[in-house]
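Here is how the chains run, residue by residue.
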Amino acid sequence: MYALSNKPEYKPFDPEVTAVHPYQDQAFQPVYFIAKSLEDAKAKFQNYAMKIKKPFSLHYDSFTTSVEVMNTSQKVKKALCQMKEELKNLCLALENLS
C-alpha cells in the first residue's frame, strides 16, 4: 500500500499549513498530515476555524439540530434567552445534587 510505504512524506497536522498545501486528486498524495489523535485534530481544526474572519456569526440550536446565521439582533436575543434558560435549569440541577 502506498500510504504505508516510504514514498509519502508525513508532516504534523497543522490546519494553517494543510489548508494551503497544494492538492492533486489524480494521483496518490505525496504528503500526509498526521494528528496525534482525533481529539487533537478536532481541537486544532476548531482553533483554526475560530481565527477565520467572516462577516457573520453562527449559532447551533441543539433543539432543532440546525445552524442559524446570527444576522439580526432579534436572533441574537432569542439565542441568549434560550441559553439563559438552559443555564438556569443546569444551576437548579446542580443545586439539587448538593
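Our subject is the structure that appears above.
Here we summarise the structure given alongside this text. Starting from 1, residues in each chain are numbered consecutively following that chain's sequence as written. For a predicted model such as this one, the threshold for reporting local features is a pLDDT of at least 70, and the threshold for listing and counting side-chain atom pairs is 80 or more; totals across whole chains, interfaces and linings nevertheless cover every residue. Calculated side-chain values reflect all of the structure's heavy atoms, with hydrogen atoms and water omitted.

Positioned with a positive phi, T65 is a non-glycine residue whose angle comes to about 50°. Relative to the elements of secondary structure, T65 occurs in the loop between β3 (58–61) and β4 (66–69). Where helices and strands are cited, they refer to DSSP runs of H or I of at least four residues and of E of at least two residues respectively, numbered from the N terminus.

So, on to the packing of aromatic side chains. To describe a pair of aromatic rings, one takes the distance between the centres and the angle between the planes. We call Phe, Tyr and Trp rings a pair once their centres come within 6.5 Å, taking the six-membered ring for Trp, and we label the pair stacked below 30 degrees between planes, edge-to-face above 60, and tilted otherwise. One pass over the full model with this rule turns up 3 aromatic pairs. Ring centres of Y10 and Y32 lie 6.0 Å apart, and the angle between their planes is 25°; on these two criteria the pair is classed as stacked. With Y10 in strand β1 (residues 9–12) and Y32 in strand β2 (residues 31–34), the pair connects residues that are 22 residues apart, well separated along the chain. With relative accessibility at 41%, the residue Y10 sits in the partly exposed group. Think of it in three bands: with a 1.4 Å probe and only protein chains considered, a residue is buried below 20% of the maximum accessible area for its type, exposed above 50%, and partly exposed in between. Here Y32 falls in the partly exposed class, since its relative accessible area comes to 24%.

This next bit is on the pairing of β1. Here, a strand pair is defined by DSSP locating no fewer than two bridges between the strands. Pairing of β1 with β2 involves 4 bridges; the strand directions are parallel. Following the sheet pairing, P12 is matched in β2 by I34. Orient the strands so they point away from the viewer, and a crossover whose first-strand-to-second-strand path over the helix runs clockwise is right-handed. Viewed along the sheet, the connection from β1 through helix α1 (residues 15–20) into β2 turns out right-handed.

Okay, the side chain of Q29 next. The topology assignment puts Q29 in the loop between α1 and β2. On the basis of relative accessible area, Q29 is assigned to the buried category, the value being 18%. Polar contact criterion, stated in full: a pair of N or O atoms within 3.5 Å, where within protein one must be able to donate a hydrogen and the other to accept it, and residues adjacent in sequence count only if both atoms are side-chain atoms. Only 2.4 Å separates the side chain of Q29 from the backbone oxygen of Q24, close enough to count as a polar contact. A contact between two residues is defined here by any heavy atoms of the two lying within 4.5 Å. Setting aside residues up to four positions removed in sequence, Q29 forms contacts with Y2, P8, Y23 and Q24.

Turning our eyes to something else, we now look at the pattern of salt bridges. The term salt bridge refers to a pairing of a side-chain nitrogen on Lys or Arg with a carboxyl oxygen on Asp or Glu at a separation within 4 Å. Evaluated as defined, the whole model comprises 4 salt bridges. Residue K51 is joined to E16 by a salt bridge in which the shortest nitrogen-to-oxygen separation is 3.5 Å. Within this pair, whereas K51 is found in helix α2 (residues 38–51), its partner E16 is found in helix α1, the two being separated by 35 residues in sequence. Exposure remark for K51: the relative accessible area of 58% places this residue in the exposed category. Judged by its relative accessible area of 45%, E16 is partly exposed. A salt bridge links K75 to E68, with the shortest nitrogen-to-oxygen separation between them at 3.9 Å.

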